[in-house]
Amino acid sequence: MKRVLVDCTAHQVKVGVLEDGELVEYWIENKENQSIVGNIYVGRVEAVLAGMQAAFVNIGQAKNAYYYYGNNRAETNKPNEKSKKPKVGDSVIVQVQKDAVATKGAVVTDNISLAGRFIVLLPQQKQIGISKKIEQKQEKIRIEQCIAKNLPEGYGIVVRTNGEGKTEQEFQQEINVLLKKAEKMKQQGKYLKPPALLYEYGNIVLKQLKDIAAIDEIVVNEKKVYEKVNKEYTNVVLAQKKGSLFAQYFVEKQSEKAFDKKVWLKSGGFLMIEQTEACVVIDVNTGKYTGKKNLEKTILKTNLEAAEEIAKQLRLRNLSGIIIVDFIDMMEEEYKEILIKAVKQAVKKDHVKTTVVGMTELGLLQLTRKKTRPSLQQTVTVKCSCCDGTGRVPSLHWKAAQMTQKIITLFENTIYEEVIVEANEKLLQVFCGKNKVFQKELEQQFHKKIVCLKNEDMEMFEIREKH
C-alpha cells in the first residue's frame, strides 16, 4: 500500500511517502521559505555574460536568477535568428528549474512547461512525448492516439507516468485545464511590469503529489491543506488525532535516521554518506558481515545489498547532482557487470531522473540525479558559525518545530494547563511568529497557556510544566 502523510505544523510542512509502512520519500518545507520551483515570472535582465552565454535575471527574489539563453545555450553570440541573446533591461518570461542554494540564486529557463497529474503542457512546442517508465508498446500507442486527437495547436505534450491507463476523456479534461492557464498566462505576460510572478506552481504538497504514481491514501492533519488537496484527489483523509502523523504511523524513527551518516545493511555491512558542495560520496563497507566461503561472493552480496539501499537513500534524502559510490573492490568483471545492472534496476523506482554513468578507472561508480530543490539535510540544517561551515547544526525553524511538537505532546498527555518555555530571543521569535501568531494558534488549539522566558545563554531550549 502506498500512503502519503502530510504533517503540518505552525512552522513546517512534512511530506512522507510510505510503501507498505516503509518511509521511502521525505520532504520538509519551512512555511517562511517555500520552494519556488515551477513558478513562472516576468523577469528583467540585469546582466549578460556573453562568454558563458548566460544572463542574470531579476525575478523579485533576494538573489538574481541564473538564466541560460537559448534551448541548449545559444550556438553563437551574434544577434542573428538562431541566437536568443538578451540585452540588459529586456523583459523575459522564465520558469524556475532549481531553488536558490547558499550563495547561488535560482536557475531559470525560457522553456516553459505546465505540469498536471497526467501530462505536461509545453507552450510553443509541437511534439508528443511519453514517459519511458510506461513500457508496454500497445499502451504507448493508445496514449499517443488519445493525445493526438486533443493536441492544441501550437502546443506539445509529454505524458507522465501517472498517465498510464487513463482514458481519452481524462486526458482531455486535464489538457483543457492547463490550456486555460497557459492562455491566461500569455495575455498577462504582455502587460506585467518585471519583476512579477506570472504563475505559481503551488505549495509543496500539491507539487509532490503530482510526481507520485498510484497513491492509495493521502492523510492530512490540517483542515485548510486537506480542503486544497481534496479538490484534486478523492482518496484524502483528514486525521482525527492531533499531533505528529509520523508518530501515529510509526515512522518517526525512520525519519530521524534519514539524517544519519551511517546506514546499516541487513547483512551487517554499512554505508557512509557524505554530502559536500560539489558532490555526494557514498562508501560501502562489509562491517560485521564476513561471509561463509568465497570472498568474492561475500563482497558481491554486500555490494548488491548496498545498491538497493543506496537507491532508497537517494530518494529518501533527495540527494542529487553528482553521486560517487565507492563499492567494495571486486576482481571479477562479471560481478562488476551484475552490480551495475542491479544499480540501474534499483533507481528505476525513483520518479526523479537518475542516470548510472558507469565505473571510473579507480573502480568508483558514477551516478547523476536531477537537482531541483535542496536535499533533506540542506533543508533543515544551516552552516555552523563556530566551525566555519565544516559541520552543521539544527536551524532555528527545526528547533522551533521540535519545541512545538514537545508542547503538543505535553498538552495531549498531561493535565497541566500551562507550560514555560525558556530559550534565547532569536529562537523564541521564530517559535512565537510575527505578533505571536504561532504561539496564539497553539494556545487556542488546546485552550492552554504558554509562557516564554528569554535566556541568551541558551543555545537550545527547555520546556517545563507549571504546577
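Residues numbered from 1 in each chain as written. Predicted model: local features only at pLDDT ≥ 70, side-chain atom pairs only at ≥ 80, totals over all residues. Heavy atoms only, no water.

J.: Provide a residue-level description of the overall build of the protein chain, including the pertinent values.
T.: Of the regular secondary structure elements, the protein chain holds 12 helices and 26 strands. Compactness check: the protein chain gives a C-alpha radius of gyration of 25 Å against a globular reference of 23 Å for 467 residues, within 12% of the reference. Across its three principal axes, the protein chain shows a C-alpha extent of roughly 75 × 70 × 50 Å. When the accessible surface of the protein chain is split by element, carbon and sulfur atoms take 50% of a total near 25800 Å². (Helix = DSSP H or I, 4+ residues; strand = E, 2+ residues; numbered from the N terminus. Rg over C-alpha atoms; globule rule 2.2 N^0.38 Å. Areas by Shrake-Rupley, 256 points an atom, 1.4 Å probe, with all protein chains shown as cover.)

J.: How would you summarise the sheet that holds strand E2 (residues 12–19) if you had to cite specific residues and measurements?
T.: Spatially, five strands are ordered E3-E2-E1-E14-E15 in an open sheet, and the strand pairing comes out mixed. Both outer strands of the open sheet, strand E3 (22–30) and strand E15 (236–238), are each paired with one neighbouring strand and no more. In this sheet, adjacent strand axes meet at a mean angle of 15° when their direction is disregarded. In this sheet, E2 lies alongside strand E1 (residues 2–8) in antiparallel orientation, the contact comprising seven bridges. When the sheet's bridge partners are listed, lysine 2 is paired in E2 with glutamate 19. Contacts from helix H7 (residues 295–317) reach E2 and E3, with the element oriented near 25° to E3. (Pairing = 2+ DSSP bridges. Axes fitted to C-alpha atoms, helices over the stretch in contact; angles between N-to-C directions. Contact = heavy atoms within 4.5 Å.)

J.: If you had to explain the sheet that holds strand E20 (residues 354–359) to someone new, which residues and values would you point to?
T.: Pairing is mixed in the open sheet, where six strands are placed in the order E16-E17-E18-E19-E21-E20. Looking along the sheet, the strands with just one partner apiece sit at the ends: strand E16 (262–264) and E20. Between one strand and the next, the sheet's axes are offset by a mean angle of 20°, whatever the strand orientation. Where strand E19 (residues 321–326) lies against strand E21 (residues 365–369), five bridges are found, and the strand directions are antiparallel. Of the residues in E21, the one forming a bridge with isoleucine 324 is glutamine 366. Contacts from H7 reach E16, strand E17 (270–275), strand E18 (280–285), E19 and E21 within the one sheet, and its direction differs from that of E18 by about 150°.

J.: Kindly report on the side chain of lysine 166, identifying the contributing residues and their values.
T.: The topology assignment puts lysine 166 in the loop between strand E12 (155–159) and helix H2 (168–189). Within the buried set, lysine 166 has no salt-bridge partner at all; the shortest N-O distance to an opposite charge, 5.5 Å, is to glutamate 170. Each residue touching lysine 166, except ones within four places of it in the same chain, is listed here: Phe118, Arg142 and Phe171. (Buried < 20%, exposed > 50% of the residue type's maximum accessible area, 1.4 Å probe, protein only. Lys, Arg positive; Asp, Glu negative; His and termini not counted. Salt bridge = Lys/Arg side-chain N within 4 Å of Asp/Glu carboxyl O.)

J.: Explain the nonpolar core to me, and be specific about the residues and the numbers.
T.: Counting 29 residues, the largest nonpolar core has Ile282, Ile310, Val325, Phe327 and Val343 as its most contacted members. Residue assignment for this core shows that the elements contributing at least two residues are E17, E18, H7, E19, helix H8 (333–346) and E21. With seven residues, H7 is the largest single contributor of residues to this core. Counting 25 residues, the second-largest nonpolar core is a separate cluster that includes Ile157, Ile175, Leu178 and Met185. (Core = buried A, V, L, I, M, F, W, Y, C linked by side-chain atoms within 4.5 Å.)

J.: An account of the packing of aromatic side chains is needed here, citing residue identities and associated values.
T.: To describe a pair of aromatic rings, you give the distance between the ring centres and the angle between the ring planes. Scanning all chains against the criterion turns up six aromatic pairs. With a centroid separation of 5.4 Å and 45° between ring planes, the pair formed by tyrosine 26 and phenylalanine 246 is classed as tilted. Here phenylalanine 246 lies in helix H5 (residues 245–248) and tyrosine 26 lies in strand E3, a separation of 220 residues in the sequence. The pair formed by tyrosine 26 and phenylalanine 246 is uniform in burial state, with each residue classed as buried. (Phe/Tyr/Trp six-rings, centres within 6.5 Å; stacked < 30°, edge-to-face > 60°.)

J.: A description of H7 should follow, citing residues and the corresponding values.
T.: With 23 residues, H7 extends 32 Å between its outermost C-alpha atoms, agreeing within 8% with the 33 Å of an ideal straight helix rising 1.5 Å per residue. Just past H7, the residue asparagine 318 takes up positive phi, approximately 55°. (Expected span 1.5 Å × (residues − 1).)

J.: Describe in detail H8, supporting the description with residues and values.
T.: Since the α-helix packs 3.6 residues into each turn, any two residues three or four apart lie on the same face. Over its 14 residues, H8 runs 20 Å from end to end, which matches the ideal 20 Å to within 8%, given 1.5 Å per residue. Each element contacted by the buried residues of H8 is listed here: H7, E20 and E21.

J.: Lay out a positive patch on the surface with the relevant residues and their values.
T.: Together, Lys98, Lys104, Lys132, Lys353, Lys370 and Lys371 make up a positively charged patch on the protein surface. On the secondary structure map, lysine 98 appears in strand E7 (residues 91–98). Judged by its relative accessible area of 33%, lysine 98 is partly exposed. (Patch = residues over 30% accessible without salt bridge, like charges linked within 9 Å, V, L, I, M, F, W, Y side chains within 5 Å. Charge placed at Lys NZ, Arg CZ, Asp CG, Glu CD.)

J.: Lay out the pairing of E3 in plain terms, naming residues and giving numbers.
T.: Summarising burial for E3: eight of the nine residues are buried, a large majority. As judged from the eight bridges shared by E2 and E3, these two strands associate in the antiparallel manner. Bridge assignment links leucine 18 to a residue of E3, and that residue is leucine 23. Between E2 and E3, which pair antiparallel in sequence order, lie two residues; one of them, aspartate 20, sits at a positive phi of approximately 55°.

J.: Which residues make up the side chain of arginine 369, and what values do they have?
T.: Considering the arrangement of structural elements, one finds arginine 369 in strand E21. One polar contact links arginine 369 to asparagine 318, side chain to side chain, over a distance of 3.0 Å. Dropping the residues within four chain positions of it, arginine 369 is found in contact with Leu314, Arg315, Asn318, Leu319, Ser320, Gly321, Ile323, Asp350, Val352, Lys353 and Thr354. (Polar contact = N/O pair within 3.5 Å; in protein donor to acceptor, adjacent residues only side chain to side chain.)

J.: Quick one: what's the story with the pairing of E18, residue by residue and with numbers?
T.: In E18, alternate side chains face the same way, and those of Val280, Ile282 and Val284 are buried while those of Val281, Asp283 and Asn285 on the opposite face are not. Bridge analysis of E17 against E18 gives six bridges, and the strand direction is antiparallel. Within the sheet, the bridge partner assigned to glutamate 274 lies in E18 and is valine 281. Sheet analysis places E18 next to E19, joined by four bridges and oriented parallel. If you follow isoleucine 282 over to E19, its bridge partner there is valine 325.

Limitation: the analysis is restricted to geometry and does not speak to function.
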